[in-house]
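The primary structure of each chain is shown beneath.
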Amino acid sequence: DSDVRVYSRAMLPVNRDNLAQAYRFLDGIQIHSGTNLSGGLERALGMEASTVVLISDGDPSRGITDPAEILALARARNSSHARIMTIALGNGLSDSGVRLLKHLADEHGGQLLLIDLR
């Protein structure tokens, strides 16, 4: 989306109640046009988490849109050395957005999960 929506402004402990609330938050998200990948990534890395999970089509259309600049932003802002896990909603590994998400995961010790929309 063009907006960045955050479930919590602070890190929360993993427990049943927090997980249930997080699932409700995700279920309630309305999908709109646009992808502000850099905004979401910057917000998540600013929380100094040990792991970031990024769910996206990887096709940035808001904020920073150049893939090389997004990769540079992640390198510069990942001061906590967070592992970046990506869930890609795309059309196979040849999709440019999926490739960007794979690079983010690869460079930051994470993995890519592809949900193929074909």
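This write-up is about the structure you can find in this document. (Residues numbered from 1 in each chain as written. Predicted model: local features only at pLDDT ≥ 70, side-chain atom pairs only at ≥ 80, totals over all residues. Heavy atoms only, no water.)

**Overview of the packing of helix α2 (residues 37-45) against helix α3 (residues 67-77)**
Close contact between α2 and α3 brings their axes to 10 Å; oriented N to C, the two are set at 10 degrees. The angle between the axes of α2 and α3 places the two elements in the roughly parallel class. Of α3, the residues touching α2 (which contributes Leu37, Ser38, Leu41, Glu42 and Leu45) are Ile70, Leu73, Ala74 and Arg77. The class makeup of the residues in the contact of α2 with α3 is six nonpolar, one polar and two charged. (Axes fitted to C-alpha atoms, helices over the stretch in contact; angles between N-to-C directions. Helix = DSSP H or I, 4+ residues; strand = E, 2+ residues; numbered from the N terminus. Parallel < 35°, antiparallel > 145°, perpendicular 65-115°, else oblique. Contact = heavy atoms within 4.5 Å. Nonpolar A, V, L, I, M, F, W, Y, C, P; charged D, E, K, R; others polar.)

**Digging into the layout of surface pockets**
Space inside the largest pocket adds up to approximately 1700 Å³. Lining the largest pocket are 43 residues, with Arg5, Phe25, Leu26, Val53 and Ile55 positioned closest to its centre. Elements supplying a minimum of two residues to the lining of the largest pocket: α1 (16-28), α2 and β1 (51-56). Looking at the lining of the largest pocket, the element that brings in the most residues is α1, giving seven residues. Here the lining of the largest pocket is built from residues that sort into 25 nonpolar, twelve polar and six charged. (1 Å grid on protein atoms, 1.4 Å probe; cavity = no way out; pocket = protein on both sides within 12 Å on 5 of 7 lines; lining within 4 Å. Points joined across faces, edges and corners; volume = space filled by probe spheres on them.)

**A short note on the sheet that holds strand β2 (residues 83-90)**
On the basis of which strands lie adjacent, the open sheet formed by three strands has the order β1-β2-β3 and parallel pairing. Among the strands making up the open sheet, the edge pair consists of β1 and β3 (112-116). When the angles between neighbouring strand axes are averaged without regard to direction, this sheet yields 10 degrees. For β1 and β2, the ladder comprises six bridges, and the chain directions are parallel. Along β2, the bridge assignment pairs Ile55 with Ile87. Most of the contacts of helix α4 (residues 96-107) go to β2, to which it runs at about 165 degrees, and overall it touches β1, β2 and β3. (Pairing = 2+ DSSP bridges.)

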